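In case you want the letters, here they are:
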Amino acid sequence: MKPAARLTLFGVAAATFAAVVGGAAAEIRPNGWYADFVNRVTVPERQITDAVTAVNFDIRGFDTLGEEFIMFASVLGVALLLRRQRDEWNGPPLDRARGRGVPAPSDAIRILTVALVGPVVLFGIYVVVHGQATPGGGFQGGVVLATAPLLIYLAGEYGSLVRLAPRWLVESAEAIGAGGYAVIGAIGMLRSERFLENWLPLGKAGDVFSGGTVALIDLTVGLEVAGGFIVLLLLFLEETLVRRDPA
Amino acid sequence: MNWLQILILLMVAGFGLAVVLTRDPLHLAVVASFYGILLGIMFFLFQAPDVALSQITIGALALPLMVLLALAKIRRTERSR
């Protein structure tokens, strides 16, 4: 494309973008009447103190189901792209193979990363189960949980990582998490003909077991996201450390 | 808007430019990670802690990790050619 044509294209795109964003910005209500409305409703009607979680997993729960399957499909896509080709083979991990110039991590890094694994797992579980009470929830907690195996890898323990988190385990976790969300929604439909109806006792706002099905959905999303991210991590590590091209 | 919010908006704008101007992918992973943390702080200062948590974990951790692993994969393929 010629520079002049490129500049014209950019000018048109920038003007359109500015017009759309400007128009949208003019429509924003400064005090957020929707936010006020949601904040008023979630505690009396759902016993949920984190309004964001209430919107994500209950009021607009159907949208989140779609988003969750976007994540599921993208992990599937990466798995498809990084699958072992017919003429490739798996050798010993590069960071362990003899004669390879990959430096071992220093003692300081090993101690720090191994010491962090426990607190990270605990924090991840905390964030997942307190989704309805405090900021956070299944998605955020799931990603925090998925960093634990990464820490194990950083400590130079690729072998332990593969033993601790075998593919079949994390893949089933991801599948159970994704399917569980849909099943919880379907149970609501069987009971009251409304998909994702909140069919569990609501409990008391601020408790771990408050919010009815929201607490359960939080768990399934946590499983799905943690599983999905660990699958990604394992796939990439296998591709870079173990996979060998045909000689 | 208080001065902290103005400061973080300016920093996000500045480092956004830095991310665009970083041409080396390896450097980009580090710069983008720092930019991810800045964005997280910005969301936090604008009273969106849920989004801030997601942003820090995804933008500052998962994204640079994926960039690094993809780079390692590319270098390995190039070396064997």
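Now for a quick tour of the structure.

What counts, and where the lines are drawn
Residues numbered from 1 in each chain as written. Chains lettered and ligands numbered in written order. Predicted model: local features only at pLDDT ≥ 70, side-chain atom pairs only at ≥ 80, totals over all residues. Heavy atoms only, no water. Helix = DSSP H or I, 4+ residues; strand = E, 2+ residues; numbered from the N terminus. Rg over C-alpha atoms; globule rule 2.2 N^0.38 Å. Contact = heavy atoms within 4.5 Å. Areas by Shrake-Rupley, 256 points an atom, 1.4 Å probe, with all protein chains shown as cover. Buried < 20%, exposed > 50% of the residue type's maximum accessible area, 1.4 Å probe, protein only. Lys, Arg positive; Asp, Glu negative; His and termini not counted. Charge placed at Lys NZ, Arg CZ, Asp CG, Glu CD. Phe/Tyr/Trp six-rings, centres within 6.5 Å; stacked < 30°, edge-to-face > 60°. Buried area = accessible area lost by both parts, 1.4 Å probe. Polar contact = N/O pair within 3.5 Å; in protein donor to acceptor, adjacent residues only side chain to side chain. Nonpolar A, V, L, I, M, F, W, Y, C, P; charged D, E, K, R; others polar. Salt bridge = Lys/Arg side-chain N within 4 Å of Asp/Glu carboxyl O.

**Things to note about the overall build of chain B**
Each helix and strand in chain B was counted, giving three helices and zero strands. Over its C-alpha atoms chain B spans a radius of gyration of 15 Å, topping by over 25% the 12 Å that the globule rule assigns to 81 residues. For chain B, the share of sequence-separated contacts (at least 6 apart) that also reach a separation of at least 24 residues comes to 54%. As displayed, chain B offers around 5000 Å² of accessible surface, 75% of which is attributable to carbon and sulfur atoms.

**Topic: the overall build of chain A**
In terms of helices and strands, chain A carries nine helices and two strands. Counting from the amino terminus, chain A carries its helices and strands in the arrangement α-α-α-α-β-α-α-α-α-α-β. The C-alpha radius of gyration computed for chain A amounts to 23 Å, which surpasses the reference 18 Å derived for 247 residues by more than 25%, pointing to a less compact arrangement than a globule. Residues classed as buried in chain A amount to 40% of the 247 residues present. Long-range contacts, defined as pairs at least 24 residues apart, comprise 74% of the intrachain contacts of chain A with a sequence gap of at least 6. When the accessible surface of chain A is split by element, carbon and sulfur atoms take 68% of a total near 14200 Å². Side-chain charges in chain A split into 20 positive and 23 negative, and the spacing between the mean points of these groups amounts to 7 Å.

**Looking at the packing of aromatic side chains**
Aromatic rings considered in pairs are described by the distance between their centres and by the relative angle of their planes. Residue and element names in this part refer to chain A. Following the criterion strictly, the structure yields four aromatic pairs over all chains and no others. Ring centres of Phe62 and Phe195 lie 5.9 Å apart, and the angle between their planes is 85 degrees; on these two criteria the pair is classed as edge-to-face. Note that Phe62 is positioned in helix H4 (residues 61–81) and Phe195 in the loop between helix H8 (167–192) and helix H9 (213–242), a separation of 133 residues in sequence. The partly exposed category is assigned to Phe195, whose relative accessible area is 30%. Summarising the aromatic geometry, the rings of Phe69 and Phe72 are spaced 5.8 Å apart at their centres and angled 65 degrees between planes, so their arrangement reads as edge-to-face. Taken together, the residues Phe69 and Phe72, both in helix H4 and three residues apart, mark about one turn of the helix. By relative accessible area, Phe72 is classed as partly exposed at 23%.

**Some remarks on the interface of chain B and chain A**
Facing the 17 residues of chain B at the interface are 22 residues of chain A. Both faces combined, the contact of chain B with chain A buries some 1700 Å², and carbon together with sulfur accounts for 72% of it. Counting the surface chain B buries against chain A, the share from its top three residues, Asp50, Leu69 and Arg76 of chain B, is 35%. In this structure, the connection of chain B to chain A is made through three residue pairs in polar contact (both at pLDDT 80 or more). When the residues that make up the side of chain B that touches chain A are grouped by side-chain class, the tally is ten nonpolar, four polar and three charged.

**Let's talk about the pattern of salt bridges**
Residue and element names in this part refer to chain A. All chains considered together, the criterion is met by nine salt bridges over all chains. Here Asp63 and Arg60 are joined by a salt bridge, their closest N and O atoms 3.1 Å apart. Of the charged contacts in the structure, one is a salt bridge between Glu197 and Arg194, with a shortest N-O distance of 2.7 Å. In this structure Glu197 comes out as partly exposed when scored by relative accessible area, which is 25%. Connected through salt bridges with shared partners, the residues Glu88, Arg167, Glu171, Glu238, Glu239 and Arg243 form a single ionic network.

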